[in-house]
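Structural overview for review
Listed below, chain by chain, are the residues.
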Amino acid sequence: MPKRNATAAVIGAGDFIGSEIAKKFAAEGFSIYAGRRNGDKLAPLVQDIEAAGGEIHARSLDARKEEEIISFLDDADKHAPLEVCIFNVGANVNFPILDTTERVFRKVWEMACYSGFLAGREAARLMLPHGGGKIFFTGATASLRGGSGFAAFASAKFGLRAVAQAMARELRPKNIHVAHLIIDSGVDTAWVRERREQLWGKEALDNPDLLMPPSSVADSYWQLYQQPKSAWTFEMEIRPFGEKW
């Protein structure tokens, strides 16, 4: 694979979307810095990328802690210039409003909004001296619509979208492409399949085209990366062709 003198940082490198993003950018020659809450769970991702000839540095990362974000991205940039930072922390929970505790609401906001602000700010701080970069945020249907039971999640995702918009308007003239990817679909993961079966029965899994493969999300981020400066997208929405919207 072609090697680049550049790093792509994936914050929230979970087993599905985050891992596929890391694999895609590694396959394109980037050195990968991958972080998630429990770094031990990154072992399969490390094995996959290294087996394919790629380079990855994996570690535990609590994205809600400013000092950890700063250290993680500083180390990534010291290894090779930080060119791409992808914020992919989840926090998708569903609680009736009367069951939404203060702790739940605050934790979801910290994970899905505040952590994104920290990641975006620190990535921009490192990219500006390099003359440019890419900062991408993972959004959801809840970024645009507060569904029943999603008061905590939607408010955090609304907030993350606002952070991304503000950053895009400020940093675009400085050659930093900030984009927000709205995934309007259940992603094909074990958790989503289990939840769909609980809510709607086994027949809810009969049509595989209603769930989005994590690799499709990774491909969409790669499309954003490849866009020329004359046609940068801020917000991209993706959904399977069978999804109602």
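Note: the structure precedes this text.
These figures come from a predicted structure and were not determined experimentally. (Residues numbered from 1 in each chain as written. Predicted model: local features only at pLDDT ≥ 70, side-chain atom pairs only at ≥ 80, totals over all residues. Heavy atoms only, no water.)

1. Here's the deal with the overall build of the protein chain
- Within the protein chain, the secondary structure is distributed over seven helices and nine strands.
- Relative to a compact globule of 245 residues, whose C-alpha radius of gyration would be 18 Å, the protein chain shows 17 Å and is just as compact.
- Judged by the C-alpha coordinates and their principal axes, the protein chain covers about 50 × 40 × 35 Å.
- Once local pairs closer than 6 in sequence are excluded, the contacts in the protein chain between residues at least 24 apart make up 74%.
- Distance between charge centroids for the protein chain: 4 Å, based on 30 positive and 31 negative side chains. (Helix = DSSP H or I, 4+ residues; strand = E, 2+ residues; numbered from the N terminus. Rg over C-alpha atoms; globule rule 2.2 N^0.38 Å. Contact = heavy atoms within 4.5 Å. Lys, Arg positive; Asp, Glu negative; His and termini not counted. Charge placed at Lys NZ, Arg CZ, Asp CG, Glu CD.)

2. Focus: the side chain of Q227
- Relative to the assigned elements, Q227 resides in the loop between α7 (214-226) and β9 (235-238).
- On the accessibility criterion, Q227 (16% relative accessible area) is buried.
- For Q227, the contacting residues outside a window of four places in its chain are K134, H177, W232 and T233. (Buried < 20%, exposed > 50% of the residue type's maximum accessible area, 1.4 Å probe, protein only.)

3. Comments concerning the packing of aromatic side chains
- The final tally for this structure, using the stated rule, is twelve aromatic pairs.
- For the ring pair F136 and Y221, a centre distance of 5.8 Å and an interplane angle of 10 degrees mean the geometry is stacked. Here F136 is found in strand β5 (residues 133-140), whereas its partner Y221 is found in helix α7, with 85 residues between them in sequence.
- When its relative accessible area of 0% is taken as the criterion, Y221 is described as buried.
- Linked through ring pairs, F25, F30, W222 and Y225 together constitute an aromatic cluster.
- The residue whose ring lies beneath K134 is Y225, and the NZ or CZ to ring-centre distance is 5.5 Å.
- If you follow R239 out to its NZ or CZ, it ends over the ring of W245, 3.9 Å from the centre. (Phe/Tyr/Trp six-rings, centres within 6.5 Å; stacked < 30°, edge-to-face > 60°. Lys NZ or Arg CZ within 6 Å of the ring centre and 35° of its normal.)

4. A short note on the pairing of strand β1 (residues 7-11)
- Within β1, five of the five residues are buried, which leaves it mostly tucked inside the rest of the structure.
- Neither face of β1 is open: one carries T7, A9 and I11, the other A8 and V10, and all of them are buried.
- Taken together, the five bridges between β1 and strand β2 (residues 31-36) define a ladder with parallel strand orientation. Among the inter-strand pairings, I11 is bridged to a residue of β2, identified as G35.
- Chirality of the crossover, the property in question, places the unit of β1, helix α1 (residues 17-27) and β2 among those that are right-handed.
- Of the strand pairs in this sheet, β1 and strand β4 (residues 82-87) are connected by five bridges, and their pairing is parallel. Following the sheet pairing, T7 is matched in β4 by L82. (Pairing = 2+ DSSP bridges. Right-handed = clockwise from strand over helix to strand, strands pointing away.)

5. Here we look at the pairing of strand β6 (residues 176-183)
- With eight of eight residues buried, β6 lies mostly within the body of the structure.
- Neither face of β6 is open: one carries I176, V178, H180 and I182, the other H177, A179, L181 and I183, and all of them are buried.
- Inspection of the sheet shows β5 paired to β6 by eight bridges, in the parallel sense. Considered in β6, the bridge of A140 is made with I183.
- Once the chain exits β5 it traverses helix α5 (residues 151-171) before rejoining the sheet at β6, and the crossover so formed is right-handed.
- Across four bridges, the pairing between β6 and β9 is parallel. The partner of I182 across the bridge, within β9, is E237.

So, to be careful, I would describe these as geometric facts and stop short of saying anything about function.
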